[in-house]
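Architecture and fold: a report
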Amino acid sequence: GITIDAGTVESPVLLRVGNKNGNSGSKKSNPSNPTTLSDVYFRVGGPHIGKADVALEVNSNDVLIDHTWVWRADHGVEGFSGDTERWNTNIGRNGVVVNGDSVTATGLFVEHFQEYNTVWNGERGQVYLYQNELPYDPPTQADWMHDGIEGWAGYKVGDEVTTHRLYGGGVYVFNQNNPSIHTENGFEVPVTPGVRLHHIMT
């Protein structure tokens, strides 16, 4: 039960579990005693300006994420004159990035980040209940584009992943700032037999 708040100086990551790319050797792994995050919350902006490249980065194997809410403020009480100012000030590119293998999430809520909200690069990931609201506040379609694609998916499974399961997932958007903005994909996954999404909605 902890909330991690981004500050006004941009952080590369608010919470990192394990070393990225196994910088001090092989990834930590203990299936019988996993690292567990229970009721851990992240906030980028809202009551004050916040900036973070990534909120939660999981590099270790065999991690359990149990009820985690990861939020970038596309609305709040920071004193901005409008959403365009907020979009350019409350910086949060990715909410969750999972690089470790055999990571399980039960109740994962990720909202309003400015690029892929969740990126899952590890093998054998399992997610039970995923909720994502895309950001309200992109000023224009040009601000919400990449590689010729309109918008960023709320849930992205890495192109090289061969095994992944999601059970019960929703990605939706309320384009309050500019109703003409379009998002092509709620979910993006590789086309391979081992990657399966069950009961999803956009």
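Heads up: these notes are all about the structure in this document. (Residues numbered from 1 in each chain as written. Predicted model: local features only at pLDDT ≥ 70, side-chain atom pairs only at ≥ 80, totals over all residues. Heavy atoms only, no water.)

On to the environment of H146, then. In this fold, H146 is placed in strand β10 (residues 145–146). Among the residues examined, H146 registers a relative accessible area of 9% and is labelled buried. Separated by 31 residues in sequence, H146 and E115 have C-alpha atoms that sit 8.8 Å apart. Polar contacts involving the side chain of H146 include one to the main-chain carbonyl oxygen of G151, which spans 3.4 Å. (Helix = DSSP H or I, 4+ residues; strand = E, 2+ residues; numbered from the N terminus. Buried < 20%, exposed > 50% of the residue type's maximum accessible area, 1.4 Å probe, protein only. Polar contact = N/O pair within 3.5 Å; in protein donor to acceptor, adjacent residues only side chain to side chain.)

Reading across from one edge, β2-β4-β6-β8-β12-β14 is the order of the six strands in this open sheet, with parallel pairing throughout. Strands at the two margins of the open sheet, each flanked by one partner only, are β2 (11–17) and β14 (187–188). (Pairing = 2+ DSSP bridges.)

Attention now moves to the sheet that holds strand β1 (residues 2–5). The sheet built from seven strands is open, its strands ordered β1-β3-β5-β7-β9-β13-β15 with parallel pairing. Of all the strands in the sheet, just β1 and β15 (195–201) have a single pairing partner and so form its edges. The sheet shows a mean angle of 15 degrees between the axes of neighbouring strands, taken without regard to direction. Pairing geometry for strand β3 (residues 35–44) and strand β5 (residues 63–72), over nine bridges, is parallel. Across the sheet, V40 pairs through a bridge with T68, a residue of β5. (Axes fitted to C-alpha atoms, helices over the stretch in contact; angles between N-to-C directions.)

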